Amino acid sequence: MDTPAFLTDAPRCVFFTGKGGVGKTSVACASAIALARGGARVLLVSTDPASNIGHVFDTTIGASVTAIPAVTGLSALEIDPHQVAAAYRERIIGPVRGLLPAAEIDTITEQLSGSCTTEIASFNEFTALLDPAATHLAEFDHIVFDTAPTGHTIRLLQLPGAWTEYLQGSGDASCLGPLSGLDAQRETYAAAVRTLTDPKLTRLVLVARAQDAALREVARTYDELADIGVTAGHLIINAVLSQSDTDALAVAITRRENAAIASMPRSLAELPCDRIPLKSVEMVGVTALSALFDSSTTLSEVSDAGDAHIEPAPLSALIDELALDGHGLIMCMGKGGVGKTTIAAAIATALATRGHEVHLSTTDPAAHLADTLGEGPATMRLSRIDPVEATEQYRQRILRSRGADLDAQGRAALAEDLRSPCTEEVAVFQAFSRLVHESRRRFVVVDTAPTGHTLLLLDATGAYHREISRNLGADGGFTTPLMRLQDPAHTKILIVTAPESTPIVESVELCADLERAAITPWAWVLNNSLAAAHPTNALLRARAATEVAHIEAVASRYSSRYAIVAMASTEPTGADRLALLSGEVAVSPAD
Amino acid sequence: MSKIEVYEPALCCNTGVCGPDVDQALVSFSADLDWLRGQGGDITRFNMASEPLAFAGNDTVRSFLEVAGSQGLPLILVDGVTTLTGRYPTRDEITLWSRTPAVSPAAKSMTLLDTGKDSCSGPGCC
């Protein structure tokens, strides 16, 4: 095995972070194995709710340190953020259940179901692991984490001079609710921050694929963490297709990957970087993981891969159904990097080409899509919501309006609250509410959507307003944006995912979030399918074969209405290429 | 000096910036509370989402919730006496209450429910 640069002279703590689906867990597991094989005692910690490290090592792990029999010197621990958050909620709510009215218990539960609670509850769990004085961890030379804390969480812990005020149990800790009353842990938090910001103790490894969105995401994480002093960074570009082949798809993918790498954000380009080649098999089992850092894949490994047989399920069939309504809201939801924007653009273009009036709104900062679509059908209008810009405008507006009469200290506190992860949700939602209104008259296709937490907040407001109008004797006829989203005749939600295990698990979670707000997805779109592209390259054929089981699982378990969209050999921009992608016009698959 | 306790509805953040609308009263109150503390005042806020036990463990607060529900919050107690409900106090009010001599135990037993709440209450309205 070659030792990659990011594991050379590894400090005690090594964090792996990156967008879902980039192979962060595989890289973390492979790193833990490599360090253990080098003679170190290693603890592997996962905070991924979709963690399958137990499956990878064929051992049941869970919430306590468990030795991995297959690898000498390796132990593992799985922290499930949702479980941790649920346990935290129960610690708060349990003691008052039966003491407070049931309606109040529901309100509290709702408030504690946001991203803040999950984020901080899991951070709480692993700050304990970062304390160098933690005696039960003294036996380990390395702790490998398969996810990193966000800048927001660490920044809250670092508020200068705020320790006493924040932790003296008054419940006054803004966004730090889960930490209030835990004054005794103060030293643990301080130690955690010292560990994270010391390059001799901590290394941050950013894991991405050779794709713009994945690279941008780790760049943002890196910048945020650099702001608060975590600077020891390495970059890994995972699953790079390094094949010299005449297969049109393989050539095209290599060209796209090289372009993404060449245009990566500058802060990343300055970091030491390792590239890990795409493997023919899914990273399950010690044997597969042990070979992850080998620089070559032999063809004998992949030569016996058969053709992947899947039933065609073109996007155009879904578009036929959508077109029947004549208007309405179509939302493409899914975790980042799965191609929501592309799918939204393909649907919008198809509807407009069929003569419908369409408004496509995207949050994709890559303006070239907008440029290309500008020449699209005349009945299509395009707008763009930049989440970063929308959030900044929202912050400035609130500071200007609500913060106008505050003193310096009050403004500083308000500014800090406005850095909460919920703020972006709210800002995007406000922009989004306007689109909901518009969809009564034409098709509105959006590539982003509010999270379950924001929907619940809106529901609370909606309920309150309905009550007010009832009390005031208003003549009913009240429709909130949420009510339109809940109406299947008005809103069609498409869950966009890739036919791979982690993105599918995340999509299932997203559906659960939506169910909490009484919203039911209409269909699933399995995007970037290699199986549907019928490649001739042996490595790609082997990867395609791994998709079959995932596609069958979606069809049988999650949604009987679904479409499969083939991996495009060219960047899918422009009306013509989008029409090929959706199956609106017929083509040979590898064109 | 008197002790002021503020019982608030379930909130994600102190200033309500995580909510669908930002309540000016909440933003101003957060700043006023910081200010009073800076002056040495004894004022504590309890968020129903993070400290429901403080609500359940106080007879006055629990009874209030049973009658008015959390829509009647915030509830402000000064030395245990219900002083204001349904809106946040102003900086002048908390300054005044903070300076009053502690209320005697006899007076405490005569806690009254102030139901004359402001017509505008709860996050998202104002």
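Quantities reported herein were computed from a predicted structural model and do not represent experimental measurements.

Visitor: How should I be thinking about the overall build of chain A in this particular structure?
Guide: Within chain A one finds 23 helices and 15 strands. Residues classed as buried in chain A amount to 56% of the 591 residues present. A separation of at least 24 residues holds for 75% of the contacts in chain A among residues at least 6 apart in sequence. By element, 51% of the accessible surface of chain A is carried by carbon and sulfur atoms, the whole surface being about 24,500 Å².

Visitor: I'm lost on the pattern of salt bridges in this one. Help?
Guide: Side chains carrying opposite charge are able to pair once their charged atoms draw close together. Residues and elements named next belong to chain A. Scanning all chains against the criterion turns up 17 salt bridges over all chains. Across the salt bridge formed by Arg41 and Asp141, the nearest N and O atoms sit 2.9 Å from each other. Here Asp141 lies in the loop between helix H5 (115-130) and strand S5 (142-145) and Arg41 lies in the loop between helix H1 (24-37) and strand S2 (42-46), a separation of 100 residues in the sequence. Between Arg442 and Glu438 there is a salt bridge whose closest N-O contact spans 2.6 Å.

Visitor: Is there a simple way to think about the pairing of strand S14 (residues 523-529) of chain A in this case?
Guide: Two faces, one strand: in a regular strand the side chains alternate between the faces of the sheet. Residue and element names in this part refer to chain A. Across the seven residues that make up S14, a large majority, six, are buried. Note that strand S13 (residues 491-497) and S14 share four bridges and pair parallel. Its bridge partner lying in S14, Thr497 is registered against Leu526. Since S13 and S14 lie parallel, the crossover through helix H21 (residues 501-516) that links them has a hand, and here it is right-handed. Direction of pairing for S14 relative to strand S15 (residues 562-566): parallel, over a ladder of four bridges.

Visitor: I keep staring at the UniProt feature "domain: ArsA/GET3 Anion-transporting ATPase-like" (unreviewed entry) in chain A and nothing clicks. Help me out?
Guide: Sequence positions flagged by UniProt for "domain: ArsA/GET3 Anion-transporting ATPase-like" (unreviewed entry) are, in local numbering, residues 12-292, 329-467 and 485-582 of chain A. End C-alpha atoms of residues 485-582 of chain A are separated by 25 Å, and the span's content is 48% helix alongside 19% strand.

Visitor: Mind showing me how you'd approach the packing of aromatic side chains here?
Guide: The description of two aromatic rings rests on the distance between their centres and on the angle between their planes. Residues and elements named next belong to chain A. Per the stated rule, a full pass over the model turns up seven aromatic pairs over all chains. Between Trp524 and Tyr558 the ring centres are 5.4 Å apart and the planes differ by 10 degrees, which places this aromatic pair in the stacked class. Pair noted here: Trp524 is in strand S14 and Tyr558 is in helix H22 (residues 538-558), with a separation of 34 residues, a long-range link. Judged by its relative accessible area of 2%, Trp524 is buried. Judged by its relative accessible area of 32%, Tyr558 is partly exposed.

Visitor: Explain helix H1 (residues 24-38) of chain B to me, please; I cannot follow it from the model alone.
Guide: Owing to its 3.6 residues per turn, the α-helix brings residues three or four apart onto one side. All names here are of chain B. Along its 15 residues, H1 runs 21 Å from first to last C-alpha, staying within 8% of the 21 Å computed at 1.5 Å per residue. For H1, the set of buried residues is Leu26, Val27, Phe29, Ser30, Ala31, Asp32, Leu33, Asp34 and Leu36. Directly after H1, the chain includes Gly40, whose backbone phi takes a positive value near 90 degrees.

Visitor: For this particular structure, what's the right way to read the confidence of the model for chain B?
Guide: In low-pLDDT regions, the fine details of the predicted coordinates are not to be read closely. Residue and element names in this part refer to chain B. Of the residues in chain B, 73% have a pLDDT of 70 or more, and the chain-wide mean is 79. Mean pLDDT across the elements of chain B ranges from a minimum in helix H5 (residues 105-108), with 54, to a maximum in strand S3 (residues 75-78), with 96. Between residues 114-126, whose pLDDT stays under 50, and residues either more than four places distant or in other chains, the model counts 25 contacts. At the level of chain-chain contacts, confidence expressed as ipTM amounts to 0.72, with global pTM at 0.71.

Visitor: What exactly am I supposed to notice about the environment of Ala190 of chain A here?
Guide: All names here are of chain A. Relative to the helices and strands, Ala190 is located in helix H8 (residues 186-196). With relative accessibility at 18%, the residue Ala190 sits in the buried group. It is 8.8 Å that separates the C-alpha atoms of Ala190 and Asp131, two residues lying 59 residues apart in sequence.

Visitor: Please explain the sheet that holds strand S10 (residues 358-362) of chain A as it appears in this structure.
Guide: Strand pairing in a sheet is mediated by backbone hydrogen bonds. Such pairs are either parallel or antiparallel. All names here are of chain A. Across the sheet, seven strands lie side by side as S11-S10-S12-S9-S13-S14-S15; this open sheet has parallel pairing. Each having just a single partner strand, strand S11 (380-384) and S15 make up the two edges of the open sheet. Put simply, the sheet's adjacent strands are angled 20 degrees from each other on average, direction ignored. Bridge analysis of S10 against S11 gives five bridges, and the strand direction is parallel. Residue pairing across strands places His359 opposite Arg381, the latter belonging to S11. Sitting on the sheet, H21 is in contact with strand S9 (328-333), S13 and S14, with an inclination near 155 degrees to S13.

Visitor: How do you make sense of the confidence of the model for chain A when you look at a structure like this?
Guide: All names here are of chain A. Chain-level statistics for chain A give a pLDDT mean of 80 and a share of 80% at 70 or above. Across chain A, the secondary-structure element scoring lowest on mean pLDDT is helix H7 (residues 163-167), at 43, and the one scoring highest is helix H13 (residues 315-323), at 96. Predicted confidence is poor over residues 159-182, with pLDDT under 50, and the contacts of this stretch with residues over four places away or in other chains come to 59 contacts.

Visitor: Teacher, can you tell me more about the nonpolar core here?
Guide: Note on soluble globular proteins: their nonpolar side chains tend to be buried together. In terms of nonpolar packing, the biggest core is built from 100 residues, with Phe16, Leu44, Phe57 and Leu74 of chain A touching the most fellow members. Examining the composition of this core, we find that nine residues originate from one element, H1 of chain A, more than from any other. Filtering out sequence-adjacent residues up to four positions away, Leu74 of chain A remains in contact with Ala32, Ile33, Ala36, Val42, Leu44, Phe57, Ala67 and Ile68 of chain A. Counting residues in each nonpolar core, the second largest holds 56 residues, with Leu418, Leu510 and Val548 of chain A together with Val27 of chain B among its members.

Visitor: Looking at this structure, I do not really get helix H4 (residues 91-99) of chain B. What am I missing?
Guide: Here H4 of chain B has its buried residues at Ile94, Thr95, Trp97 and Ser98 of chain B. The inward-facing, buried residues of H4 of chain B abut strand S1 (3-8), H1, strand S2 (42-47), S3 and strand S4 (81-85) of chain B.

Visitor: For this particular structure, what's the right way to read the side chain of Thr25 of chain A?
Guide: Residues and elements named next belong to chain A. Within the secondary structure, Thr25 sits in helix H1. At a separation of 2.8 Å, a polar atom in the side chain of Thr25 contacts the side chain of Asp146. Not counting the four nearest positions on each side in its chain, Thr25 is found in contact with Asp48, Asn52, Ile53 and Asp146.

Visitor: Looking at this structure, how should I read the sheet that holds S1 of chain B?
Guide: Residues and elements named next belong to chain B. Here four strands make up an open sheet; going across it, the order is S2-S1-S3-S4 and the pairing mixed. Every other strand in the sheet has two partners, leaving S2 and S4 as the edge strands with one partner each. Neighbour-to-neighbour, the strand axes of the sheet open up by a mean angle of 20 degrees, direction not taken into account. Relative to S4, S3 runs antiparallel, the two being bridged by four bridges. By the bridge assignment, Val78 is partnered in S4 with Val81. Along the sheet, H1 contacts S1 and S2; its crossing angle with S2, the most-contacted strand, is approximately 145 degrees.

Visitor: Explain the pairing of S2 of chain B to me, please; I cannot follow it from the model alone.
Guide: Residues and elements named next belong to chain B. S2 sits mainly inside the fold: five of its six residues count as buried. Bridging between S1 and S2 involves six bridges; their strand directions are parallel. Looking at S2, one finds that Ile4 is bridged to Ile43.

Visitor: I would appreciate a short explanation of unusual backbone geometry in the present structure.
Guide: Among all residues except glycine, the phi angle is most often negative; among peptide bonds, the trans geometry is most common. For the peptide bond that leads from Leu73 of chain B to Pro74 of chain B, omega is 5 degrees, which places it in the cis range. With respect to the helices, strands and loops of the structure, Pro74 of chain B is situated in the loop between helix H3 (59-68) and S3. For Asn528 of chain A, which is not glycine, the phi torsion reads 55 degrees and is therefore positive. Judged by its relative accessible area of 27%, Asn528 of chain A is partly exposed.

Here is what the cut-offs are and how they apply
- Residues numbered from 1 in each chain as written.
- Chains lettered and ligands numbered in written order.
- Predicted model: local features only at pLDDT ≥ 70, side-chain atom pairs only at ≥ 80, totals over all residues.
- Heavy atoms only, no water.
- Helix = DSSP H or I, 4+ residues; strand = E, 2+ residues; numbered from the N terminus.
- Buried < 20%, exposed > 50% of the residue type's maximum accessible area, 1.4 Å probe, protein only.
- Contact = heavy atoms within 4.5 Å.
- Areas by Shrake-Rupley, 256 points an atom, 1.4 Å probe, with all protein chains shown as cover.
- Salt bridge = Lys/Arg side-chain N within 4 Å of Asp/Glu carboxyl O.
- Pairing = 2+ DSSP bridges.
- Right-handed = clockwise from strand over helix to strand, strands pointing away.
- UniProt positions renumbered as here; feature names shortened; annotations may be inferred.
- Phe/Tyr/Trp six-rings, centres within 6.5 Å; stacked < 30°, edge-to-face > 60°.
- Expected span 1.5 Å × (residues − 1).
- pLDDT = per-residue confidence, 0-100.
- Axes fitted to C-alpha atoms, helices over the stretch in contact; angles between N-to-C directions.
- Core = buried A, V, L, I, M, F, W, Y, C linked by side-chain atoms within 4.5 Å.
- Polar contact = N/O pair within 3.5 Å; in protein donor to acceptor, adjacent residues only side chain to side chain.

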